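# Chain and residue survey
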Amino acid sequence: MTDDMTLREEELVSNPTARVPVCLCLDTSGSMGGDPIDELNVGVATFLEGLRSDEVAQFAAEVAIVTFGGFVSELLDCASLSRVEAPSLSAYGETPMGQAVEKALDLLEARKREYSNAGVDYFQPWLALMTDGQPTDAIDRAVNRTAALVQSRKLSVFAVGVGEAADMTVLSRFSPNRQPLRLRGLRFRQFFEWLSKSVVRVSQSTPRQDVPLDLLGIKDWGTV
Amino acid sequence: MTLNRWMTAGAAVVGRAHEQQGAGCQDCVGYSDTSKFSAVALADGAGSAKYASEGAGIAVNVLLRIIERSFSSFSQQPSDSIGKLIISSMADGIESAAQTAGVAPREFASTLLFAATGGGFLIAGQLGDGLIAVQKNGRMVPLCEPAKGEFKNETVFVTSPNAAKHIFVTLGPCDAVAGIVLMSDGSADSLFHNESRTFAQAVNNMAGWLDRHTPADVSKALRENLWNVIRNRPGITDDCSIAVLRRVSIEVEDLAQRAREFQSCYLNRKRADGLKNAFSVLRAMSVPRLARGYVKQICTATGLSPSAVRRHLHDLKEICQLTFMDSTPVLASATQDKRADVDSSPQPAFER
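Residues numbered from 1 in each chain as written. Chains lettered and ligands numbered in written order. Predicted model: local features only at pLDDT ≥ 70, side-chain atom pairs only at ≥ 80, totals over all residues. Heavy atoms only, no water.

## Examining the overall build of chain B
Just so we agree on the cut-off: To qualify as a helix, a DSSP run of H or I must reach at least 4 residues; to qualify as a strand, a run of E must reach at least 2; elements of each kind are numbered from the N terminus. All radius of gyration figures rest on C-alpha atoms, and the globule criterion is 2.2 Å times the number of residues raised to 0.38. By definition in these notes, contact holds between two residues if any of their heavy atoms fall within 4.5 Å. Accessible surface area values rest on a Shrake-Rupley calculation with a 1.4 Å probe, where residue burial reflects the displayed protein chains alone. By the counting scheme adopted, Arg and Lys are positive, Glu and Asp are negative, and His together with the chain ends is not counted. Where a charge lies is defined by one atom per residue type, namely NZ (Lys), CZ (Arg), CG (Asp) and CD (Glu).
Counting its regular elements, chain B contains twelve helices and 13 strands. Computed over C-alpha atoms, the radius of gyration of chain B comes to 21 Å, within 12% of the 20 Å expected from 2.2 N^0.38 for 352 residues, which places it in the range of a compact globule. Principal-axis analysis of the C-alpha atoms places the extent of chain B at approximately 65 × 40 × 35 Å. Of the contacts made within chain B by residues no fewer than 6 positions apart, 71% connect residues no fewer than 24 positions apart. With an accessible surface of roughly 14,400 Å², chain B has 50% of that area assigned to carbon and sulfur atoms. Measuring between centres, the 37 positive side-chain charges of chain B sit 7 Å from its 35 negative side-chain charges.

## Focus: the overall build of chain A
Our working definition: Exposure classes here rest on a 1.4 Å probe applied to the protein chains alone. A residue is buried below 20% of its type maximum, exposed above 50%, and partly exposed in between.
The secondary structure content of chain A amounts to seven helices and seven strands. Taken over the C-alpha trace, chain A has a radius of gyration of 18 Å; the compact-globule value for 224 residues is 17 Å, and the two agree within 12%. When the 224 residues of chain A are sorted by exposure, 58% land in the buried category. Long-range contacts, defined as pairs at least 24 residues apart, comprise 76% of the intrachain contacts of chain A with a sequence gap of at least 6. Per element, the accessible surface of chain A, about 9,600 Å² overall, is 47% carbon and sulfur.

## Thoughts on the sheet that holds strand 7 (residues 222-223) of chain A
Residues and elements named next belong to chain A. Worth spelling out the cut-off: DSSP calls a pair of strands paired once it identifies at least 2 bridges connecting them. Only C-alpha atoms enter the line fits that serve as axes; for helices the fit covers just the stretch in contact. Angles between N-to-C directions range over 0 to 180 degrees.
Overall, mixed pairing links the seven strands, which are arranged 3-2-1-4-5-6-7 in an open sheet. Single-partner strands in this sheet number two, and they are strand 3 (71-80) and strand 7. One ladder, built from two bridges, connects strand 6 (residues 181-183) with strand 7; its direction is antiparallel. Across the sheet, residue Leu-183 finds its bridge partner in strand 7, namely Gly-222. Running over the sheet, helix 1 (residues 35-52) touches strand 1 (20-27), strand 2 (61-69) and strand 4 (126-131) and is turned about 175 degrees from strand 1.

## Overview of the packing of aromatic side chains
One pair of aromatic rings is described through two measures. These are the centre distance and the angle between the planes. Selection criterion: Ring pairs are drawn from Phe, Tyr and Trp, using the six-membered ring of Trp, whenever the two centres fall within 6.5 Å, and their geometry is named by plane angle: stacked under 30 degrees, edge-to-face over 60, tilted for the rest.
Here the structure, examined in full by the defined rule, presents 15 aromatic pairs over all chains. Relative to Phe-151 of chain B, the ring of Tyr-122 of chain A lies with its centre 5.7 Å away and its plane at 80 degrees, an arrangement referred to as edge-to-face. With one member in each of two chains, Tyr-122 of chain A in the loop between helix 3 (97-117) and strand 4 and Phe-151 of chain B in the loop between strand 7 (139-142) and helix 4 (163-166) form a pair that bridges those chains. Phe-151 of chain B shares its class with Tyr-122 of chain A; the two are buried. Taking 5.7 Å as the distance between ring centres and 75 degrees as the angle between the ring planes, the aromatic pair formed by Phe-158 of chain A and Trp-194 of chain A counts as edge-to-face.

## Quick notes on the sheet that holds strand 9 (residues 177-183) of chain B
Residues and elements named next belong to chain B. An order of 1-12-9-6-7 is seen for the five strands of this open sheet, with the pairing classed as antiparallel. The sheet is open, and its two borders are formed by strand 1 (2-13) and strand 7, each paired with just one other strand. Neighbour-to-neighbour, the strand axes of this sheet turn through a mean angle of 20 degrees, independent of strand direction. Across twelve bridges, strand 1 lies against strand 12 (residues 240-251) in antiparallel orientation. Each residue of the ladder has a partner; that of Asn-4, found in strand 12, is Ser-249. Strand contacts of helix 7 (residues 215-230): strand 1 and strand 12, with the helix running at about 35 degrees to strand 1, the strand carrying the most contacts.

## Structural notes on the interface of chain B and chain A
Threshold: Simply put, the buried area is the total loss of 1.4 Å probe accessible area from both parts when two parts are fitted together. Here a salt bridge means any side-chain nitrogen of Lys or Arg lying within 4 Å of a carboxyl oxygen belonging to Asp or Glu. What qualifies as a polar contact is a pair of N or O atoms within 3.5 Å, subject to a donor-acceptor requirement within protein and to the restriction that residues adjacent in sequence count only when both atoms come from side chains.
With 46 residues of chain B at the contact, the number on the chain A side is 31 residues. Of the roughly 3,500 Å² buried between chain B and chain A, counting both surfaces, carbon and sulfur atoms make up 51%. Where chain B touches chain A, the interface holds four salt bridges. One salt bridge in this structure joins Glu-9 of chain A and Arg-233 of chain B, with 2.5 Å as the shortest N-O distance. Put simply, chain B and chain A have 16 residue pairs in polar contact (both at pLDDT 80 or more) between them. At the level of elements, helix 1 (16-20), helix 5 (185-191), strand 10 (192-193), helix 6 (201-212) and helix 7 of chain B are the ones that each hand at least two residues to the side of chain B that touches chain A.

## Some words on the domain arrangement of chain B
Stated formally: Either an automatic procedure or a domain database provided the assignment from which the domain bounds are taken.
When cut into domains, chain B gives domain 1 (2-249) and domain 2 (269-316). Placing a centre on the C-alpha atoms of domain 1 of chain B and another on those of domain 2 of chain B gives a separation of 37 Å.

## Some points on the environment of Arg-223 of chain B
Positionally, Arg-223 of chain B belongs in helix 7. Given a relative accessible area of 32%, Arg-223 of chain B falls into the partly exposed group.

## Some details on unusual backbone geometry
Residue Met-5 of chain A is not a glycine yet carries a positive backbone phi of 55 degrees. Turning to its location among the elements, Met-5 of chain A is positioned in the segment before strand 1. Classification of Met-5 of chain A by relative accessible area gives buried; the value is 10%. Here Asn-137 of chain B, not a glycine, exhibits a phi torsion of approximately 50 degrees, which is positive. By the element assignment, Asn-137 of chain B lies in the loop between strand 6 (131-136) and strand 7. Judged by its relative accessible area of 78%, Asn-137 of chain B is exposed.

## Some details on the confidence of the model for chain B
Inclusion rule: You can read pLDDT as the predictor saying how much it trusts each residue, on a scale of 0 to 100.
Of the residues in chain B, 90% reach a pLDDT of 70 or more, and the chain-wide mean stands at 88. Contacts of residues 324-346 of chain B to residues separated by more than four positions or lying in other chains number 42 contacts, the stretch itself having pLDDT below 50.

## Details of the packing of helix 2 (residues 52-74) of chain B against helix 3 (residues 79-101) of chain B
Residue and element names in this part refer to chain B. The cut-off we apply is this: Every angle not falling under 35 degrees, over 145, or within 65 to 115 is termed oblique; those three ranges are roughly parallel, roughly antiparallel and roughly perpendicular. Crossings are assigned a handedness: left-handed for a near helix turned anticlockwise from the far helix by less than a right angle, right-handed for a clockwise turn. Only Asp, Glu, Lys and Arg are considered charged in this grouping, and only Ala, Val, Leu, Ile, Met, Phe, Trp, Tyr, Cys and Pro are considered nonpolar; every other residue, Gly among them, is considered polar.
The interhelical angle for the contact between helix 2 and helix 3, taken along N-to-C directions, is 140 degrees, at an axis separation of 10 Å. Taken together, the axis directions place helix 2 and helix 3 in an arrangement best described as oblique. Seen along the crossing, helix 2 lies across helix 3 with a hand that is right-handed. In this structure, helix 2 uses Ile-58, Ala-59, Val-62, Leu-63, Ile-66, Arg-69, Ser-70 and Phe-74 to contact helix 3, whose residues at the interface are Ile-82, Leu-85, Ile-86, Ser-89, Met-90, Gly-93, Ile-94 and Ala-97. Of the residues assigned to the contact of helix 2 with helix 3, the class counts are twelve nonpolar, three polar and one charged.

This is the structure in structure tokens:
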């Protein structure tokens, strides 16, 4: 009993920070070889560091990474940032984008179920999709699943094309509510810096606040 | 003789996220104590609404006005018709503000939590997120499961099209309830454990502060704790607010030992002579009573006029939930002690 009317820490409870699940779905096909894959590696490391350095986002953001280069690979499974190291990506093979996006959606859905079971609040999941070409597998099912989630406001998609060969029409099918953007040159680092800041803003948003995107910041790395 | 008096306190502080954005507090609490009822209300303005702060203020204000106007009739009404009345009154209040501002009503969106008690009757309700703790048998339990969406940033507001369907209203006798605490979701992060569905010890303790301190002191302490302790905890960035409605039970002689300010609040008497007379009446009531001539007995014991005694009896019965009954009407012509030493109902207090 505290008659001086001052609460002590032990009289309070702690709940897990509301989570922002983010999946990076990255093209690591053979055409990404050379400078692009090196810059992508720098960009992903920048992204993780940007989230780690924020008071709230370091606990809120959980990052999954799915790559598609020859085959689909799950490098991170919505791990808490404290347990994550930046992966070293290498370029190889074809572009199974449809399969990779489905894998990304599966990971995000599974993570949401885990949050619910553990009584952890969460924000709308994010999917960042990057490619420098066009899919070499069937994408219709992945497109339909993604579009349905976006239209019911259950998923936020950022689709980014790398280089002139990126098929922006395909990307726009995955992102019906937000026009896909083309990366300026190899500004992967700038894109991932922007992405981490955007995730930080969501993680700090008060409930019911629609967080506007930093449109000015987009100019630093992307064009329509 | 045990007195039972419901008392109220509350506070709201801006969260660190809004502070960094240069925005004000979008939570609002209000409380009102009259001899007929005690009420608390709390609203959390929608982050997406342009006039979130004003919307929360309107929601609290409208709710307290509804209580003031209709509380005595609520015990005769089904809860869903009260819910509809609340939502339609909110719509009216917000509509006129929205028209003045030239925006859609949703720009004034907020949640709403409230509780009011008087005459042994209790009503409480909730729309949207936040939590209401009800103290029963010494334990705090949630009043209801708040209506919320899948994501942290989704809930229902007073301006939502389906608000009347989602508002939860409950009413009934208040015998088993010792206190009610309203909290916005910003506060609930530190006061309610989501996984175990239990309230923090702090909720019990804060409600108990009203047993020993004046409402003004408790409101000040709530504000200081929200500001210095709760809003600075890691990961807590939202606005934080809390409102307490507490049954303060006390023996007459224990009350007589309390600080003058506490007695004054408890018996709703500001003037020294009004307070002294109220105590005289309470003490006279504590001795074995006559079946007839009760007022006369108290007049003899206190030296007060019959009209003054009747006024005190009538008023203390309502404020302190005493079970005695004296059906003789107060005579307007008995004017010896005509001046009102019972304070008129205070204006509702607001905290933002």
